[in-house]
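# Fold and geometry: a report
Listed below, chain by chain, are the residues.
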Amino acid sequence: MENARSISACQTIPGWRLIVSDAGRFWAIRNRAFPRTALRAGAEPTVDADTFEEVREAVAEQEEKARTAVEGVSP
């Protein structure tokens, strides 16, 4: 995928790699694999959205899902 829009330096998500598709859709791919427990609980290592803000929210949801699964804490 080539970047249709460039990602600015302030548009980063620690631990995740950002890509903007030719269609302008934002994708975030986790740099390190989630633990198996998190994956079994439904945490997704790749998310996409129409805007940077939406993809950042999607990443936060996946990180929370993983944290809850690993720590055994209910949301």
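Now for a description of the structure that goes with this document. (Residues numbered from 1 in each chain as written. Predicted model: local features only at pLDDT ≥ 70, side-chain atom pairs only at ≥ 80, totals over all residues. Heavy atoms only, no water.)

## Topic: the overall build of the protein chain
- Along the protein chain, the regular secondary structure elements total 2 helices and 3 strands.
- Counted from the first residue to the last, the protein chain has its helices and strands arranged as β-β-α-β-α. (Helix = DSSP H or I, 4+ residues; strand = E, 2+ residues; numbered from the N terminus.)

## Overview of a negative patch on the surface
- Negative charge collects at one region of the surface, where Glu-53, Glu-54, Glu-57 and Glu-61 lie side by side.
- Inspection of the secondary structure puts Glu-53 in helix α2 (residues 52–71). (Patch = residues over 30% accessible without salt bridge, like charges linked within 9 Å, V, L, I, M, F, W, Y side chains within 5 Å. Areas by Shrake-Rupley, 256 points an atom, 1.4 Å probe, with all protein chains shown as cover. Salt bridge = Lys/Arg side-chain N within 4 Å of Asp/Glu carboxyl O. Lys, Arg positive; Asp, Glu negative; His and termini not counted. Charge placed at Lys NZ, Arg CZ, Asp CG, Glu CD.)

## What to know about the sheet that holds strand β2 (residues 26–30)
- Reading across from one edge, β1-β2-β3 is the order of the 3 strands in this open sheet, with antiparallel pairing throughout. Edge positions in the open sheet fall to β1 (16–20) and β3 (46–49), since each of these has one partner strand only. In this sheet, adjacent strand axes meet at a mean angle of 20 degrees when their direction is disregarded.
- The pairing of β2 with β3 spans 4 bridges and is antiparallel. Looking across to β3, one finds that Ala-28 is bridged to Val-47.
- Contacting β1, β2 and β3, α2 runs over the sheet at an angle of about 150 degrees to β3. (Pairing = 2+ DSSP bridges. Axes fitted to C-alpha atoms, helices over the stretch in contact; angles between N-to-C directions. Contact = heavy atoms within 4.5 Å.)

## Re the packing of aromatic side chains
- The tally for this structure, following the rule as stated, stands at 2 aromatic pairs.
- Ring geometry for Trp-16 against Phe-34: centres 6.2 Å apart, planes inclined by 65 degrees, an arrangement best described as edge-to-face. Of this pair, Trp-16 sits in strand β1 while Phe-34 sits in the loop between β2 and α1 (36–40), and the two are 18 residues apart along the sequence.
- Exposure remark for Trp-16: the relative accessible area of 6% places this residue in the buried category. (Phe/Tyr/Trp six-rings, centres within 6.5 Å; stacked < 30°, edge-to-face > 60°. Buried < 20%, exposed > 50% of the residue type's maximum accessible area, 1.4 Å probe, protein only.)

## Overview of α2
- Taking 1.5 Å as the rise per residue, α2 with 20 residues should run 28 Å; its terminal C-alpha atoms sit 28 Å apart, in good agreement.
- Buried within α2 we find Phe-52, Val-55, Ala-58, Val-59, Gln-62, Ala-66 and Thr-68.
- Contacts made by the buried residues of α2 are with β1, β2, α1 and β3.
- At the C-terminal side of α2, Gly-72 shows a positive phi close to 70 degrees. (Expected span 1.5 Å × (residues − 1).)

Purely geometric stuff here, so don't read any function into it on its own.
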